[in-house]
Amino acid sequence: MDKEHYIIEGFGNKEMIFGALQSLKAEQQEVLQLIYLEGYSQAEVAFKKKIPLGTVKSRVRLGMKKLKETIDLSLLKLA
């Protein structure tokens with residue numbers, strides 16, 4: 001299954017996802033985009049951005065938590 005199919009079919013609509021991404025801090029957005037949209041590993045992102053791997057992992061964890069909360073709220077509003 002390609003990423004586009006996953007976004008549209010398995011995880012809500014594309015607009016909701018990109019809207020939720022916009023609610024994140026810039027550094028969280030950047031890390032998540034590099035990993036999930038461009039296919040870099042967390043270690044590659046750490047090297048590329050010259051930041052500790054632990055920082056990348058924290059940004060991913062916090063960013064994904066915020067995305068989930070934002071999307072859950074959006075889905076509740078639609079119900």
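The structure presented is a predicted model; accordingly, all values stated were derived computationally and were not measured. One numbering rule holds for all chains: residues counted from 1, following each sequence as written. The model is predicted, so local features are restricted to residues of pLDDT at least 70 and side-chain atom pairs to those at 80 or more, both for listing and for counting; the totals for chains, interfaces and linings are taken over all residues. Based on all heavy atoms of the structure, the side-chain values leave hydrogens and waters out of the count.

K.L.:
Looking at this model, I keep getting lost on the overall build of the chain. Mind explaining?
P.N.:
Labels follow the DSSP assignment, with helices taken as runs of H or I lasting at least four residues and strands as runs of E lasting at least two, numbered in each case from the N terminus. Scanning the chain for helices and strands turns up five helices and zero strands. Exposure categories follow from relative accessible area, calculated using a 1.4 Å probe and restricted to protein chains: below 20% of the type maximum is buried, above 50% is exposed, and the middle band is partly exposed. Relative to its 79 residues, the chain shows a buried fraction of 25%. When the accessible surface of the chain is totalled, it reaches about 5,600 Å², and 59% of it is carbon and sulfur. The Shrake-Rupley method, run with a 1.4 Å probe, gives the accessible areas here. Residue values count only the displayed protein chains as cover.

K.L.:
Hey, could you run me through the pattern of salt bridges in this one?
P.N.:
Any two side chains of opposite charge can pair, given that their charged atoms come close. By definition here, a salt bridge exists when the distance from a side-chain nitrogen of Lys or Arg to a carboxyl oxygen of Asp or Glu is within 4 Å. Scanning the entire structure with this criterion turns up two salt bridges. One salt bridge in this structure joins glutamate 30 and lysine 49, with 2.7 Å as the shortest N-O distance. Of the two residues, glutamate 30 sits in helix α3 (residues 26-37) while lysine 49 sits in helix α4 (residues 42-49), which places them 19 residues apart along the sequence. Of the residues examined, lysine 49 reaches a relative accessible area of 32% and is grouped as partly exposed. Between lysine 68 and aspartate 72 there is a salt bridge, with the nearest N and O atoms lying 2.7 Å from each other. With lysine 68 and aspartate 72 both in helix α5 (residues 53-78), this residue pair falls four residues apart, about one helical turn. Accessibility expressed as a relative area gives 52% for lysine 68, which makes it exposed. Aspartate 72 sits in the partly exposed class, given a relative accessible area of 34%.

K.L.:
Sorry, what's going on with a nonpolar patch on the surface here?
P.N.:
For patches, a residue must show more than 30% relative accessible area and have no salt bridge; joins then use 9 Å for like charges and 5 Å for nonpolar side chains, namely Val, Leu, Ile, Met, Phe, Trp and Tyr. A contiguous nonpolar patch, built from Phe18, Tyr36, Leu37 and Met64 and spanning about 350 Å² of accessible area, is present on the exposed surface. In this fold, leucine 37 is placed in helix α3.

K.L.:
So what exactly am I meant to see when it comes to the confidence of the model for the chain here?
P.N.:
Detailed conclusions should not be drawn from predicted coordinates in areas where pLDDT is low. When pLDDT is averaged across the chain, the result is 83; 78% of the residues are at 70 or more. Considering each helix and strand of the chain separately, the mean pLDDT is smallest for helix α1 (residues 3-10), with a value of 46, and largest for α4, with 98. Note on residues 1-8: pLDDT is under 50 here. Beyond four places in sequence and across chains, it has 14 contacts. For every residue, the predictor reports its confidence as pLDDT, a number between 0 and 100. Contacts were defined at the residue level, with two residues in contact if any of their heavy atoms lie within 4.5 Å.

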